[in-house]
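# Chain and residue survey
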Amino acid sequence: MSNSTLLNELLDYNKKFVEQHEYEKYETTKFPNKRMVILTCMDTRLLELLPKALNLGNGDVKLIKDAGGLVSHPFGSVMRSILIAVYQLKAQEVLVIAHYDCGMSGLKAEPVIESMKERGISDETFDTLTYSGINIKQWLHGFDNVAESVEHSVDIIKNHPLMPKDVPVHGLVIDPKTGKLDLIVDGNKN
Ligand SMILES: [Zn+2]
(Lines give C-alpha, C1' and ligand atoms only; values in the text may rest on other atoms or scores of the structure.)
Protein backbone atom coordinates (compact mmCIF):
# COMPACT_ATOMS: atom_id res chain seq x y z
CA MET A 1 0.00 0.00 0.00
CA SER A 2 1.41 3.38 -0.92
CA ASN A 3 1.71 6.09 1.68
CA SER A 4 -0.79 8.34 -0.07
CA THR A 5 -3.39 5.57 0.04
CA LEU A 6 -2.86 5.20 3.76
CA LEU A 7 -3.16 8.95 4.19
CA ASN A 8 -6.37 9.04 2.15
CA GLU A 9 -7.78 6.24 4.24
CA LEU A 10 -7.09 8.26 7.38
CA LEU A 11 -8.63 11.38 5.91
CA ASP A 12 -11.76 9.55 4.74
CA TYR A 13 -12.24 7.97 8.13
CA ASN A 14 -11.62 11.29 9.86
CA LYS A 15 -14.30 13.02 7.84
CA LYS A 16 -16.91 10.51 9.00
CA PHE A 17 -15.59 10.63 12.57
CA VAL A 18 -16.20 14.36 12.78
CA GLU A 19 -19.49 14.34 10.84
CA GLN A 20 -20.94 11.66 13.08
CA HIS A 21 -19.87 13.53 16.25
CA GLU A 22 -17.75 10.57 17.40
CA TYR A 23 -15.56 13.05 19.26
CA GLU A 24 -18.25 13.87 21.79
CA LYS A 25 -17.39 10.99 24.09
CA TYR A 26 -13.78 12.21 24.29
CA GLU A 27 -14.48 15.78 25.28
CA THR A 28 -12.33 16.93 28.20
CA THR A 29 -10.00 19.78 29.20
CA LYS A 30 -6.28 20.33 28.74
CA PHE A 31 -5.69 19.77 32.47
CA PRO A 32 -5.10 16.14 33.46
CA ASN A 33 -7.86 14.64 35.69
CA LYS A 34 -5.18 12.58 37.39
CA ARG A 35 -2.55 15.22 38.04
CA MET A 36 0.30 13.41 36.31
CA VAL A 37 2.64 13.56 33.39
CA ILE A 38 3.89 10.25 31.96
CA LEU A 39 6.98 9.83 29.82
CA THR A 40 7.01 6.55 27.93
CA CYS A 41 8.19 4.87 24.73
CA MET A 42 6.70 5.22 21.25
CA ASP A 43 6.45 1.41 20.98
CA THR A 44 3.35 0.32 19.02
CA ARG A 45 2.49 -2.35 21.60
CA LEU A 46 1.93 0.35 24.22
CA LEU A 47 -0.46 2.48 22.17
CA GLU A 48 -3.58 1.07 23.79
CA LEU A 49 -2.10 -1.38 26.27
CA LEU A 50 -0.41 1.21 28.51
CA PRO A 51 -3.49 3.39 29.12
CA LYS A 52 -5.70 0.31 29.63
CA ALA A 53 -3.21 -1.32 32.01
CA LEU A 54 -3.07 1.89 34.08
CA ASN A 55 -6.80 2.62 33.89
CA LEU A 56 -6.24 5.88 32.01
CA GLY A 57 -8.84 7.45 29.75
CA ASN A 58 -8.86 10.53 27.55
CA GLY A 59 -8.13 13.62 29.62
CA ASP A 60 -6.54 11.71 32.51
CA VAL A 61 -2.81 12.44 32.06
CA LYS A 62 -0.26 14.31 29.98
CA LEU A 63 1.55 11.71 27.87
CA ILE A 64 4.98 12.27 26.33
CA LYS A 65 6.48 9.67 24.04
CA ASP A 66 9.88 9.18 22.50
CA ALA A 67 12.06 6.25 21.50
CA GLY A 68 12.92 4.51 24.76
CA GLY A 69 11.02 6.85 27.09
CA LEU A 70 14.30 8.67 27.66
CA VAL A 71 15.32 12.08 28.86
CA SER A 72 18.54 12.20 26.90
CA HIS A 73 19.21 15.89 27.38
CA PRO A 74 18.31 18.14 30.35
CA PHE A 75 17.44 20.98 27.97
CA GLY A 76 15.80 18.98 25.18
CA SER A 77 12.14 18.98 24.22
CA VAL A 78 11.19 16.06 26.49
CA MET A 79 12.38 17.85 29.62
CA ARG A 80 10.71 21.03 28.44
CA SER A 81 7.42 19.15 28.00
CA ILE A 82 7.66 17.78 31.55
CA LEU A 83 8.30 21.27 32.95
CA ILE A 84 5.37 22.74 31.00
CA ALA A 85 3.12 19.94 32.29
CA VAL A 86 4.17 20.76 35.86
CA TYR A 87 4.12 24.55 35.72
CA GLN A 88 1.31 25.25 33.24
CA LEU A 89 -0.88 22.18 33.16
CA LYS A 90 -1.23 21.19 36.82
CA ALA A 91 0.71 17.92 36.76
CA GLN A 92 1.80 17.11 40.31
CA GLU A 93 3.68 13.85 39.74
CA VAL A 94 5.98 12.54 37.03
CA LEU A 95 6.12 8.91 35.88
CA VAL A 96 8.83 7.50 33.64
CA ILE A 97 7.58 4.20 32.19
CA ALA A 98 10.06 2.32 30.02
CA HIS A 99 9.39 -1.22 28.82
CA TYR A 100 11.04 -4.60 28.37
CA ASP A 101 12.05 -5.65 24.85
CA CYS A 102 12.52 -2.01 23.81
CA GLY A 103 13.96 -1.14 20.42
CA MET A 104 16.37 1.23 22.16
CA SER A 105 17.69 -1.56 24.35
CA GLY A 106 21.07 -2.59 23.08
CA LEU A 107 20.74 -0.24 20.12
CA LYS A 108 24.12 0.45 18.56
CA ALA A 109 24.72 3.49 16.41
CA GLU A 110 26.74 1.73 13.70
CA PRO A 111 23.93 -0.25 12.00
CA VAL A 112 21.69 2.85 12.07
CA ILE A 113 24.43 4.89 10.40
CA GLU A 114 24.89 2.09 7.84
CA SER A 115 21.15 2.23 7.03
CA MET A 116 21.37 6.00 6.64
CA LYS A 117 24.23 5.61 4.17
CA GLU A 118 22.29 2.98 2.23
CA ARG A 119 19.39 5.43 2.01
CA GLY A 120 21.64 8.06 0.48
CA ILE A 121 23.14 10.06 3.34
CA SER A 122 26.69 10.81 2.27
CA ASP A 123 29.95 10.36 4.17
CA GLU A 124 30.46 14.12 3.77
CA THR A 125 27.30 14.77 5.74
CA PHE A 126 28.59 12.66 8.62
CA ASP A 127 31.96 14.42 8.41
CA THR A 128 30.29 17.84 8.48
CA LEU A 129 28.22 16.87 11.54
CA THR A 130 31.31 15.55 13.29
CA TYR A 131 33.23 18.77 12.56
CA SER A 132 30.26 20.73 13.93
CA GLY A 133 30.77 19.01 17.27
CA ILE A 134 27.85 16.58 17.00
CA ASN A 135 28.62 13.10 18.29
CA ILE A 136 26.25 11.07 16.12
CA LYS A 137 27.31 7.73 17.57
CA GLN A 138 26.58 8.84 21.10
CA TRP A 139 23.32 10.51 20.03
CA LEU A 140 22.02 7.34 18.36
CA HIS A 141 23.13 5.03 21.14
CA GLY A 142 20.33 3.31 23.08
CA PHE A 143 20.66 1.85 26.56
CA ASP A 144 22.09 -1.41 27.87
CA ASN A 145 19.89 -1.97 30.92
CA VAL A 146 16.28 -0.78 31.05
CA ALA A 147 16.13 -0.38 34.86
CA GLU A 148 19.34 1.65 34.90
CA SER A 149 18.05 3.74 32.03
CA VAL A 150 14.85 4.53 33.95
CA GLU A 151 16.85 5.43 37.06
CA HIS A 152 19.01 7.73 34.96
CA SER A 153 16.01 9.55 33.42
CA VAL A 154 14.35 9.86 36.85
CA ASP A 155 17.60 11.31 38.16
CA ILE A 156 17.81 13.94 35.41
CA ILE A 157 14.19 15.01 35.99
CA LYS A 158 14.39 14.95 39.80
CA ASN A 159 17.61 16.96 39.90
CA HIS A 160 16.79 19.35 37.11
CA PRO A 161 17.56 22.91 38.26
CA LEU A 162 14.11 24.11 37.11
CA MET A 163 12.14 21.27 38.69
CA PRO A 164 10.23 22.08 41.90
CA LYS A 165 11.42 19.91 44.79
CA ASP A 166 7.93 18.80 45.88
CA VAL A 167 7.11 16.85 42.69
CA PRO A 168 7.55 13.08 43.09
CA VAL A 169 9.29 11.41 40.13
CA HIS A 170 8.58 7.69 39.79
CA GLY A 171 10.32 5.14 37.57
CA LEU A 172 8.67 1.98 36.23
CA VAL A 173 9.10 -0.69 33.58
CA ILE A 174 6.09 -2.21 31.81
CA ASP A 175 5.78 -5.60 30.15
CA PRO A 176 4.64 -4.87 26.55
CA LYS A 177 2.72 -8.18 26.43
CA THR A 178 0.93 -8.39 29.79
CA GLY A 179 0.96 -4.74 30.85
CA LYS A 180 2.49 -5.69 34.22
CA LEU A 181 4.35 -2.83 35.89
CA ASP A 182 7.57 -3.20 37.86
CA LEU A 183 8.36 -0.34 40.21
CA ILE A 184 11.98 0.78 39.89
CA VAL A 185 11.90 4.14 41.71
CA ASP A 186 9.19 5.14 44.18
CA GLY A 187 9.35 8.93 44.04
CA ASN A 188 7.45 9.23 47.32
CA LYS A 189 10.34 7.63 49.17
CA ASN A 190 13.09 9.92 47.90
ZN1 LIG B 1 10.55 1.07 23.39
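About the criteria used
- Residues numbered from 1 in each chain as written.
- Predicted model: local features only at pLDDT ≥ 70, side-chain atom pairs only at ≥ 80, totals over all residues.
- Helix = DSSP H or I, 4+ residues; strand = E, 2+ residues; numbered from the N terminus.
- Buried ≥ 20, exposed ≤ 12 C-beta atoms within 10 Å, placed from the backbone.
- Pairing = 2+ DSSP bridges.
- Axes fitted to C-alpha atoms, helices over the stretch in contact; angles between N-to-C directions.

### Observations concerning the overall build of the protein chain
Along the protein chain, the regular secondary structure elements total 7 helices and 5 strands. The secondary structure elements of the protein chain, listed N-terminal to C-terminal, are α-β-α-β-α-β-α-α-α-α-β-β. Dimensions of the protein chain, computed from C-alpha atoms along their principal axes, come out at roughly 50 × 50 × 35 Å. Across the 190 residues that make up the protein chain, the buried fraction comes to 24%.

### Thoughts on the sheet that holds strand 1 (residues 36-41)
Ordered in space as 2-1-3-4-5, the 5 strands form an open sheet in which the pairing is mixed. Edge strands, defined here as strands with exactly one partner in the open sheet, are strand 2 (62-66) and strand 5 (181-185). Between one strand axis and the next, the sheet turns through 25° on average, direction left out of account. Summarising the sheet, strand 3 (residues 93-99) and strand 4 (residues 169-174) pair through 6 bridges and their orientation is parallel. Each bridged residue has a counterpart across the sheet, and for I97 the counterpart in strand 4 is L172.

### Observations regarding unusual backbone geometry
In this structure, N55 takes a positive phi of about 60° despite not being glycine. Relative to the assigned elements, N55 resides in the loop between helix 2 (46-53) and strand 2. The exposed category is assigned to N55, around which 8 C-beta atoms lie within 10 Å. Not every positive phi belongs to a glycine, and K90 is a case in point at roughly 70°. Here K90 lies in the loop between helix 3 (77-88) and strand 3. Residue K90 is classed as partly exposed on the basis of its C-beta count, with 16 C-beta atoms lying within 10 Å.

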